[in-house]
Amino acid sequence: MAEDPALSLRVSDIKDPAVLFERYNTAEIRRVEGKVRGEIEQKKEELRQMVGERYRDLIDAADTIGEMRQCSESVVQSIQDMHQYCHKLKQGTPSTSSCRQEDQRQWQEKFYIMASQIKLLLEIPERIWSAMEASQYLQATQLYLLCCHLHSLLQLQVATGGHYSPVLARFPILVRQVATTGHFRSTILLDSRSLLRGRAVSDQAIAEALVSTMLLEDSSPRQALADFLLARKASIHQLLNQPQHGAGIKAQVCSLVELLVTTLFQAYAVFYLPPEGGPRPGEGGPRPGEGELSYGMLFTTLENVTSTTYAAKDRRVLQEETSTGSWFKYLPPSITEFQPALRTLAQPIQREQLRDTLQQWIDTCKEDICRGVSSLLVYVKSLKGLAAIRDSVWDLLSTESISQHWSTVCQRLLECPLVVWDDFLQQLFLQRLQAITKEESEAISMSSVQFLASAVRDLEGQTIHTSSATNPGSGRGGQYEVDVASFLWSESPGDLLSDAGWVSVTQRGQQHHRSSLAMKTQALTPCVQNFCSSLDAKLKARLEDLQYYLPSQDTGSDSSSVTVTSSGPSESSSVSSFNRFTDSPAVEDALREGCVACVRHILSSIRSELASASPDPSPACLSSVLFMARLCQSMGELCPNLKHCILGKQRGFEATAKETPRQGKKLGKARATTEVSPTQAKWACLKEELLVCSMEAYRIWSSALSKVLLDKFATTLHAESAGAILTTATNWEDLEIQEEAESGSSVTSKIRLPVQPSWFVQSLLFQLCVEVNRVGGHALPRPTLQELLQTCLAQVLHHYHSLTQQSFSREGVFPMTQNRALQLLFDLRYLNTTLSSRVEEGKSSRSHQDPRFHEVCDWLEGYIDPFDLDVFTPPLNTNLNRLSQRTSVLLGLLTGSEKQFALRSSSVNSQEPFNILPLASSQIRFGLLPLSMSNVRTSKSATRSSAAAHQLRF
């Protein structure tokens, strides 16, 4: 939009109006006119405001000039009067009358007296200012009261009607002097009360400031005490309202404590008077730490200032000025011997009144201090900062000047002890410590839960990429979680520690850095290690921060020595410095509760993850489920600082030291279990929660694994076509047996028996073993592995039992022949032998058998000729036993040493045909190693056959 040329025209550019009519049209000229009129009105308004402002200044200047003219006229008139008076004196004849000389002498003396008073009156303001600059407010008050006394003597008060007194009329300079003197009272009161707020003010200065206030306001000692306490309360508010700048909080808290302690000391020194019969005020020593306590300084100072006795003549107001000038001798005695006085008698404060007033002030200040310090401590973000503030307060209260007489002062003033830390600050510091600990614990739990969620999502994504083979360059950490076996059999530089060659395992501390090989023996994958190391590092930081607030061995001995020395030497002195570590149990409880809440928050997150995966976990979820199971299983061991936080650092080290020696000392261990502290019970409860959560996760994995494998097994087992059954068949063994014929001759016949299970049975066991090895089966909890085997065996029996309900007479269904029944019986017995749990002592194996097993066996044996079954049973048992021994290494995690090899030593009275060497103290995978044998092989085979027959007799 184009700019209007008429509005852009400046008024100063208008020279000739005719030009406007040539350049612009009528509408534009009207706009120019409106603009010019607006500027005219604006200039008029500015001129009006300027004239109004200047007019006021002109009026003030005119008034001043008028006053100056009147003053100069009065001065000229006075000089003319003096000139006329002197002229009359020269013309008059001297009188020889003694009466006139006496009158003249008296008149001259009166004149000198008045002149000296005027001289003193003119000098007093300067002396008052000098005394106030030197903070000598009592001297300034005495000079002010003397000045007021001079005013009354000279009658300098302004008369009614605005007329001056004769002296003011003759000496106009005194008019301004009288006006100036009137401001001293408020100034002295203001400065005296401001002095009462200071912390580094001597007791004598406090007493003089209070006496000044009493003289100026004609108040009582009780009012002086109220003024003193009000000033200190205002000082406390000022300290609390200062801006916070980091380390300044410690200085503020120490200043508050110092102000509170100093107030009570000064209240004792200024206001306290002993009972009747005690020493007089002022007979005590100076300040605490230099001898006995001084007291009653207010009454001593007041007596020195207002007393009119002969002894007080040396403390008069003008004592120092009497020899400085010759005109002082003309001052009347009412001025030279002037002493201020109170209208009412200053009665001492009763002890009950002093006690109640101070106690009420302490209660009021306690509320303000607690509220203010709480707001200050919000800016302290660490326990180290809290401990630094606490230690500074302890150092302050432990100084000799405070601790030596603190209990005496409190007992005499309050008639009860007052512990500043316990009554004012301890609970505030403890609450802030608990808040900091809770905030940090919540932060640790939130970060750990985020870490856990991120790890779970990464593992699920890693599982999907691994199964689809679309991400070959993924991280090894996630790959190791999916396939733990690859982590166990991989090599890394940190498998052995650098000092592993010369430092034994027993010499290594529990908290020492562990080698990667030790982690692999427990199947602790990198993700588990990273999570636990991150959590342990955060807990270690919290524990180190907490140690600043707890006593160490040095500070503990120091605090005890301070207690002994402070309570020993003198009768009147006791421990005023508080015990810094009385709340150590509460501090440790705060950290303990925070850590327990943190772990339980992590457990709740793990349970929620397990709950979302438990109904029907996908293969992508199983890796994360196993990760959480291993995490819960190893958290207590890989996070030693968690144990220290719950048991306390010292107790945690002691517990670790107790667990380090061999566990063979059963008596000592049993004795230790009988004495369980609450903290140990809490730690045991937390470990139990972790174990329960770990077992729950393992249970989800085992259920999912058994379901997947047994579904494939059931599909093959229930195959109906001959081709499908033949594809799972294995090679049988041809055996020659000798039988006795009816004629008594030996008949040799050939039989065929299965020597290995069906392919789907082998696949089931092999896949089961592969999956167990994939997740680090050697580190799986024994109950988990037993539960997995029991679940698999129960489902196998279920599928075999469902096979008995199947009809084989239908068209297209392969019938149940004797060979097939024999193979199925061999498979079932082999599965039962491999998957059955360990037999407990004192109980037969038959009592633990599932009834369905016997039902299926009887059903299968029903398809076999009874005569053939009697013939087949011994070699079938031999084949079954030989197969179990051959596959014991391959299926080592599924078959324990207590199954196939327990019967070798079961018979105590039997003579063993061979020697046995165990490979390890706790056998899991491998069997026993046979040594050289003296007996023949045939006897060994016979013994083994008899053992196998006993084992397979159900």
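Predicted model, so just to flag it, every value in this text is computed and none were measured.

Examining the side chain of S219
Examined against the element boundaries, S219 turns out to sit in the loop between α8 (203–217) and α9 (221–240). The class for S219 is buried, based on a relative accessible area of 10%. Other than its neighbours up to four places away in sequence, S219 contacts T213, M214 and L342.

Quick word on the nonpolar core
F271, L425, M635, F713 and Y800 are the most contacted members of the largest nonpolar core, which totals 210 residues. Excluding residues that lie within four positions of it along the chain, M635 makes contacts with F531, C532, L535, V599, I602, L642 and L690.

A word on unusual backbone geometry
A positive phi is found at S135, a non-glycine position, where the angle reads about 60°. Tracing the chain through its elements places S135 in the loop between α3 (98–133) and α4 (137–154). Of note in the backbone geometry, E415 takes a positive phi value of approximately 60° without being a glycine. For E415, the position within the fold is in the loop between α16 (406–414) and α17 (420–468). Take E415: its relative accessible area is 38%, and that puts it in the partly exposed class.

With respect to a negative patch on the surface
Residues E53, D57, D60, D63 and E67 make up a contiguous surface patch of negative charge. Relative to the assigned elements, D57 resides in helix α2 (residues 26–91). Residue classification places D57 among the partly exposed residues on the basis of a relative accessible area of 43%.

Quick word on the environment of S192
Tracing the sequence through the fold places S192 in helix α7 (residues 184–196). Here S192 falls in the buried class, since its relative accessible area comes to 0%. Measuring from C-alpha to C-alpha, the distance between S192 and Y137 comes to 6.5 Å, with 55 residues separating the pair along the chain. Setting aside its immediate chain neighbours within four residues, S192 contacts Y137, A209, S212 and T213.

Let's talk about α16
Taken together, the buried positions of α16 are occupied by W406, T408, V409, C410, L413 and L414. Remark: E415 follows α16 within two positions and exhibits a positive phi of approximately 60°.

Examining the pairing of strand β1 (residues 732–740)
Consecutive side chains of a regular strand alternate in pointing toward one face of the sheet and then the other. Summarising the sheet, β1 and strand β2 (residues 746–754) pair through nine bridges and their orientation is antiparallel. Note on β2: the bridge partner recorded for E739 is V747. From the end of β1 to the start of β2, which pair antiparallel, there are five residues, and G744 there has a positive phi angle of about 95°.

Considerations on the confidence of the model for the chain
With 74% of its residues at a pLDDT of at least 70, the chain reaches an overall mean of 76. Predicted confidence for residues 159–163 stays below pLDDT 50, and this span has one contact to residues more than four positions away or in other chains. The low-confidence segment residues 281–291 (pLDDT under 50) makes 24 contacts with residues lying over four places distant or belonging to another chain.

Some points on the pattern of salt bridges
Under the definition given, this model contains 22 salt bridges. With a shortest N-O distance of 3.1 Å, E33 and R37 are connected by a salt bridge. Residue E33 and its partner R37 are located together in helix α2, separated by four residues, close to a single helical turn. Residue E33 is classed as partly exposed on the basis of its relative accessible area of 37%. Exposure remark for R37: the relative accessible area of 53% places this residue in the exposed category. In this structure, the salt-bridge partner of R355 is D356, at a minimum N-O distance of 3.2 Å. Bridged by salt links that share partners, the residues R355, D356 and E415 form one connected network.

Observations concerning the packing of helix α21 (residues 526–547) against helix α23 (residues 584–613)
Between α21 and α23, whose axes approach to 11 Å, the crossing angle comes to 165°. Taken together, the axes of α21 and α23 lie roughly antiparallel to each other. Crossing hand, α21 versus α23: right-handed. Residues F531, L535, L539, R542, L543 and L546 of α21 touch α23, and the partners they reach there are V587, L591, C595 and I602. Tallied by class, the residues present in the contact of α21 with α23 amount to nine nonpolar, no polar and one charged.

Cut-offs used in this document
Residues numbered from 1 in each chain as written. Predicted model: local features only at pLDDT ≥ 70, side-chain atom pairs only at ≥ 80, totals over all residues. Heavy atoms only, no water. Helix = DSSP H or I, 4+ residues; strand = E, 2+ residues; numbered from the N terminus. Buried < 20%, exposed > 50% of the residue type's maximum accessible area, 1.4 Å probe, protein only. Contact = heavy atoms within 4.5 Å. Core = buried A, V, L, I, M, F, W, Y, C linked by side-chain atoms within 4.5 Å. Patch = residues over 30% accessible without salt bridge, like charges linked within 9 Å, V, L, I, M, F, W, Y side chains within 5 Å. Areas by Shrake-Rupley, 256 points an atom, 1.4 Å probe, with all protein chains shown as cover. Salt bridge = Lys/Arg side-chain N within 4 Å of Asp/Glu carboxyl O. Lys, Arg positive; Asp, Glu negative; His and termini not counted. Charge placed at Lys NZ, Arg CZ, Asp CG, Glu CD. Pairing = 2+ DSSP bridges. pLDDT = per-residue confidence, 0-100. Axes fitted to C-alpha atoms, helices over the stretch in contact; angles between N-to-C directions. Parallel < 35°, antiparallel > 145°, perpendicular 65-115°, else oblique. Left-handed = near helix turned anticlockwise from the far one by under 90°. Nonpolar A, V, L, I, M, F, W, Y, C, P; charged D, E, K, R; others polar.

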